[in-house]
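Fold and geometry: a report
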Amino acid sequence: MTPHTVHGKDAIALQLSDDNIVAPSREAKAYVLRLYVAGQTPKSLLAFTNLKRICEQHLQGRYEIEIIDLLENPQLARGDQILAVPTLVRRLPEPIKKIIGDLSNTERVLVGLDLHERR
């Protein structure tokens, strides 16, 4: 499996996998994703778990996840105009897209990431 990176809240990443210690690959990732959370709430953990599962199933090594905890860095919400958490922001490929919620509706997430067409 091609390595991918997970940045941000080490506790969330450590709880779910050891990917946070994998060295970033030098090749560009096809999908650059930011998950905005507010602490380690059950909803934040669920959103990360769901995102990780979807990425492993559908993007296999072609993604990078960055977790932004707005309790630690609230000023970062301005850049992506975050109004609710958890929110997933697809930075690349462009255009930028946002998905709000715990990402439990896999079909909705796949459509939001442009991996499936709307039915």
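Below is a short write-up of the structure. (Residues numbered from 1 in each chain as written. Predicted model: local features only at pLDDT ≥ 70, side-chain atom pairs only at ≥ 80, totals over all residues. Heavy atoms only, no water.)

1. A closer look at the pattern of salt bridges
Tallying each qualifying case throughout the model produces 6 salt bridges. With a shortest N-O distance of 3.1 Å, Arg 34 and Glu 66 are connected by a salt bridge. Placement of the pair is Arg 34 in strand β2 (residues 31-37) and Glu 66 in strand β3 (residues 63-69), with a sequence separation of 32 residues. On the basis of relative accessibility, which here comes to 26%, the residue Glu 66 falls in the partly exposed class. Here Arg 90 makes a salt bridge to Asp 114, at a shortest N to O gap of 3.2 Å. Taken together, the residues span a long stretch of sequence, with Arg 90 in strand β4 (residues 87-92) and Asp 114 in the segment after α3 (106-112) at a distance of 24 residues. Residue classification places Asp 114 among the partly exposed positions, given a relative accessible area of 43%. (Salt bridge = Lys/Arg side-chain N within 4 Å of Asp/Glu carboxyl O. Helix = DSSP H or I, 4+ residues; strand = E, 2+ residues; numbered from the N terminus. Buried < 20%, exposed > 50% of the residue type's maximum accessible area, 1.4 Å probe, protein only.)

2. Let's talk about the nonpolar core
Within the largest apolar cluster, 19 residues are counted, with the highest numbers of intra-cluster contacts made by Leu 35, Leu 51, Leu 88 and Leu 103. Residue contributions to this core peak at 5 residues, all from helix α2 (residues 42-58). The residues contacting Leu 103, other than those within four sequence positions of it, are Leu 35, Ala 47, Asn 50, Leu 51, Ile 54, Leu 88 and Val 109. Of all hydrophobic cores here, the second largest spans 6 residues; its members include Ile 68, Leu 70, Ile 82 and Val 89. (Core = buried A, V, L, I, M, F, W, Y, C linked by side-chain atoms within 4.5 Å. Contact = heavy atoms within 4.5 Å.)

3. Topic: the side chain of Ser 44
Within the element layout of this structure, Ser 44 appears in helix α2. Judged by relative accessible area, Ser 44 falls into the buried class, the value being 2%. For Ser 44, the side chain forms a polar contact with the side chain of Thr 41, separated by 2.9 Å. Setting aside anything within four residues of it in sequence, one finds Ser 44 in contact with Val 37, Ala 38 and Gly 39. (Polar contact = N/O pair within 3.5 Å; in protein donor to acceptor, adjacent residues only side chain to side chain.)

4. Points about the side chain of Asn 50
By the secondary structure assignment, Asn 50 is in helix α2. When its relative accessible area of 8% is taken as the criterion, Asn 50 is described as buried.

5. Points about the pairing of β4
It is a general feature of regular strands that their side chains alternate between the two faces of the sheet. Relative to β4, β2 runs antiparallel, the two sharing 5 bridges. The residue bridging Leu 33 from the neighbouring strand is Arg 90, located in β4. The sheet contact formed by β4 and strand β5 (residues 97-100) spans 4 bridges and is antiparallel. Within β5, the residue paired with Thr 87 across the bridge is Ile 100. Linkage of β4 to β5, two consecutive antiparallel strands, is achieved through a turn of 4 residues. (Pairing = 2+ DSSP bridges.)

6. Digging into unusual backbone geometry
Residues Leu 92 and Pro 93 are joined by a peptide bond in cis, for which omega reads -5°. Looking at the element boundaries, Pro 93 is found in the loop between β4 and β5. Each neighbour pair has its own omega, and for Glu 94 with Pro 95 the value is 5°, a cis peptide bond. In this model, Leu 103 sits at a positive phi of 65°, which is unusual for a non-glycine residue. Along the chain, Leu 103 falls in the loop between β5 and α3. Overall, Leu 103 belongs to the buried group, its relative accessible area being 2%.

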